[in-house]
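Read off the chains here:
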Amino acid sequence: MTGARSRNLTVEEASRPVLPRHAKLRFDVTRQRWVILAPERVLAPDEIAVEILQLCDGVRSVAEMIDELARKYSAARELIGADVIAMLQDLADKGFLAEARENTT
């Protein structure tokens, strides 16, 4: 189990998650909902997960996402943070998130 986990992102506030190249967040007209499409897999996240995934641009850190959502919903940062990190970690463990790579140019 540790071998599989080691190739995935460990989500923390400094992480800058992004969908990997093989996964796309798209609105599925047929299903009338957002889905993550990956080779031979489709994941249908709920509305809150979609909002968080739309922030996963590889530029924002998890801390910035938490701050933005806490402001938007006037909620305690600690509560929002715990939920965001847990959701992102679950997606990372399933291979639907990666760490953004640094630009060296």
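What counts as what
Residues numbered from 1 in each chain as written. Predicted model: local features only at pLDDT ≥ 70, side-chain atom pairs only at ≥ 80, totals over all residues. Heavy atoms only, no water. UniProt positions renumbered as here; feature names shortened; annotations may be inferred. Helix = DSSP H or I, 4+ residues; strand = E, 2+ residues; numbered from the N terminus. Expected span 1.5 Å × (residues − 1). Contact = heavy atoms within 4.5 Å. Buried < 20%, exposed > 50% of the residue type's maximum accessible area, 1.4 Å probe, protein only. Axes fitted to C-alpha atoms, helices over the stretch in contact; angles between N-to-C directions. Parallel < 35°, antiparallel > 145°, perpendicular 65-115°, else oblique. Left-handed = near helix turned anticlockwise from the far one by under 90°. Pairing = 2+ DSSP bridges. Nonpolar A, V, L, I, M, F, W, Y, C, P; charged D, E, K, R; others polar.

An unreviewed UniProt entry lists the protein chain under the name Coenzyme PQQ synthesis D, with Rhodopseudomonas palustris given as the organism. Entered under Pathway (unreviewed entry) in the UniProt record, the comment concerning the protein chain runs "Cofactor biosynthesis; pyrroloquinoline quinone biosynthesis." Taken directly from UniProt, the Subunit (unreviewed entry) text for the protein chain runs: "Monomer. Interacts with PqqE."

**Concerning helix α3 (residues 62–73)**
A rise of 1.5 Å per residue sets the reference length of α3, with its twelve residues, at 16 Å; its end C-alpha atoms lie 16 Å apart and thus fit the reference within 8%. On the buried face of α3, the contacting elements are β1 (17–18), α2 (47–55) and α4 (77–93).

**A look at unusual backbone geometry**
Among all residues except glycine, the phi angle is most often negative; among peptide bonds, the trans geometry is most common. For Gln32, which is not a glycine, the phi torsion comes out positive at approximately 55 degrees. Relative to the helices and strands, Gln32 is located in the loop between β2 (24–28) and β3 (33–38). Overall, Gln32 belongs to the exposed group, its relative accessible area being 53%. Positive phi is not limited to glycine here, since Glu40 has a value of about 60 degrees.

**Quick notes on the packing of α3 against α4**
For the pair α3 and α4, interaxial distance at closest approach is 9 Å and the crossing angle is 130 degrees. In terms of axis orientation, α3 runs oblique to α4. Relative to α4, α3 is oriented so that their crossing is right-handed. Along the contact surface, α3 presents Val62, Ala63, Ile66, Asp67, Leu69 and Ala70, while α4 presents Arg77, Ile80, Gly81, Val84, Ile85 and Leu88.

**Quick look at the pairing of β2**
In this structure, β2 lies alongside β3, joined through five bridges in antiparallel fashion. Each residue of the ladder has a partner; that of Arg26, found in β3, is Val35. Counting the residues in the hairpin turn of β2 and β3 gives four residues, including Gln32, whose phi is positive at 55 degrees.

**Let's talk about the environment of Ile80**
Summarising the element assignment, Ile80 is placed in helix α4. Sequence-distant contacts of Ile80, that is, excluding residues within four places in its chain, are made with Ile66, Leu69, Ala70 and Ala75.

**Examining the packing of α2 against α4**
At their nearest, the axes of α2 and α4 sit 11 Å apart, and the two run at 80 degrees to each other. In terms of their interaxial angle, α2 and α4 are classed as roughly perpendicular. Residues Ala49, Ile52 and Leu53 of α2 pack against Val84, Met87, Leu88 and Leu91 of α4. Here the residues of the contact of α2 with α4 sort into seven nonpolar, no polar and no charged.

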